[in-house]
Amino acid sequence: MTLEVILKKDILTLSALNPSDFSVLFERAKELKSRHKKGICEKSLAGKTVGLIFEKPSTRTRISFEAATAQLGGMPLFISAGDTQLSRSEPIADTARVLERYLDALVLRTYSHAMQEEFAGIASIPIINALTDRYHPCQVLSDLFTVIEYKQTLAGINIAWVGDGNNMAHSWINAAAKLDFSITLACPADYMPDEKILSAAKEAAGDRIIVTEDPVAAVSGADVVNTDVWASMGQEAESNKRRQAFTPFQVNRELMSHAAKDAIVMHCLPAHRGEEISAEVLDGSQSAVWDQTENKLHMHKAILEILIAG
Ligand code: CP
Ligand code: NVA
């Protein structure tokens, strides 16, 4: 299995994928999930080593990529960014040239998106974006896979994004440009998605992407209600200011009453109960978050297998 358009096979943003690439990933994640449940032992990454360099904390992404690599018969190698010579100003280009000699793929979580582009521009091995300040593509790939599990399709599905126009929102916007679901994003005026990302996606998606400041309008009739933290990693100093702007954007029982009756609630986690989402909604019967988090494992396996083993 191969992806059509990924030059040198990196996943830095979802805008680099074709609709058929999404389908290949969804199909393989489904197969790998089913095989995992049956206890089938995989060997597709036997003899392969996957490095992970993280500048920011992570529970789900790090551990699911590490477990995914191990469960496919490969060797994960986690390296905290501070433990590498990157922290002492060794150039990214030199680091990339070194690591491509040791590793079969490199999973990166960085503040800067440009840093990952620089790695990808030099390294011959796949570079996989495990979150930057700008995008979180692998999370949204597994979230789309979760939507398909719950709703059987993405076609015609109405997604609501309520909260920050952040890295997660940007990857959802990129996905909407490629796939035939609709998304309405409700964000406070000062926390809208990046205008360039939005206008590029709207060229392809037209009015399947809508941005509003009204959370009720976004959620009305939605099949999926999605939110994320009000202050992302690196924005902790802005927490108080953000709390004021975002308070009307909490996903709670009242807001959910405007969604479709069978709507699911998604959150990439970590969640702050009582801030962006109420405890009763996060822990309630409409919540898909634990399946969502599990699916990171299966989607990450599909990504690694397809990019490394083909
Ligand atoms: N959803 C997500 O990326 O979680 P982590 O920060 O724990 O990896
Ligand atoms: N927007 C959040 C996502 C965490 C997985 C952040 O960047 O911190």
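Details of the structure are given in the entry above.
Residues numbered from 1 in each chain as written. Chains lettered and ligands numbered in written order. Predicted model: local features only at pLDDT ≥ 70, side-chain atom pairs only at ≥ 80, totals over all residues. Heavy atoms only, no water.

Digging into the overall build of the protein chain
Step number 1: In terms of helices and strands, the protein chain carries 12 helices and 9 strands.
Step number 2: At 19 Å, the protein chain has a C-alpha radius of gyration in line with the 19 Å of a compact globule built from 310 residues.
Step number 3: Overall size of the protein chain, expressed as C-alpha extent along the three principal axes, is 55 × 45 × 35 Å.
Step number 4: Taken across its 310 residues, the protein chain has 54% of its residues classed as buried.
Step number 5: The contacts of the protein chain with a sequence gap of at least 6 include a subset with a gap of at least 24, amounting to 74%. (Helix = DSSP H or I, 4+ residues; strand = E, 2+ residues; numbered from the N terminus. Rg over C-alpha atoms; globule rule 2.2 N^0.38 Å. Buried < 20%, exposed > 50% of the residue type's maximum accessible area, 1.4 Å probe, protein only. Contact = heavy atoms within 4.5 Å.)

So, the environment of Val-162
Step number 1: By the element assignment, Val-162 lies in strand 5 (residues 158–162).
Step number 2: Once the C-alpha coordinates of Val-162 and Pro-188 are considered, the two residues, 26 residues apart in sequence, prove to be 9.3 Å apart.
Step number 3: With residues near it in sequence (within four places) discarded, Val-162 still touches Ala-186, Pro-215, Val-219, Val-225, Asn-226, Thr-227, Asp-228, Phe-249, Val-251 and Leu-255.

Things to note about the site of ligand 1
Step number 1: The environment of ligand 1 is made up of Ser-58, Thr-59, Arg-60, Thr-61, Arg-109, His-136, Gln-139, Cys-268, Leu-269 and Lys-296.
Step number 2: Taking Arg-60, its main chain carries an N or O atom lying 2.9 Å from an oxygen atom of ligand 1.
Step number 3: Here a nitrogen atom of ligand 1 and a side-chain polar atom of Gln-139 are 2.9 Å apart.
Step number 4: With the chains in place, 96% of the 260 Å² that ligand 1 exposes on its own is no longer accessible. (Near = heavy atom within 4 Å. Polar contact = N/O pair within 3.5 Å; in protein donor to acceptor, adjacent residues only side chain to side chain. Areas by Shrake-Rupley, 256 points an atom, 1.4 Å probe, with all protein chains shown as cover.)

Section: the environment of His-170
Step number 1: Inspection of the secondary structure puts His-170 in helix 6 (residues 167–178).
Step number 2: The spacing of His-170 and Ala-201 is 31 residues in sequence and 9.6 Å in space, taken between C-alpha atoms.
Step number 3: Excluding its chain neighbours within four sequence positions, the residues that come into contact with His-170 are Arg-134, Tyr-135, Gly-165, Pro-193, Asp-194 and Ile-197.
Step number 4: A distance of 3.4 Å separates the side chain of His-170 from the backbone oxygen of Gly-165, its partner in a polar contact.

So, helix 4 (residues 113–122)
Step number 1: Within the sequence span of helix 4, burial applies to His-113, Met-115, Gln-116, Phe-119 and Ala-120. Each buried residue of helix 4 sits inside an arc of 160 degrees when the element is viewed along its axis, so together they form one side.
Step number 2: Against the buried residues of helix 4 lie helix 3 (92–102), strand 3 (105–109) and strand 4 (127–129).
Step number 3: Measuring from the backbone nitrogen of Ala-114 back to the side-chain oxygen at the start of helix 4 gives 3.2 Å, which picks out Ser-112 as the cap. (Arc of directions from axis to C-beta.)

By themselves, these are just geometric observations and shouldn't be taken as functional.
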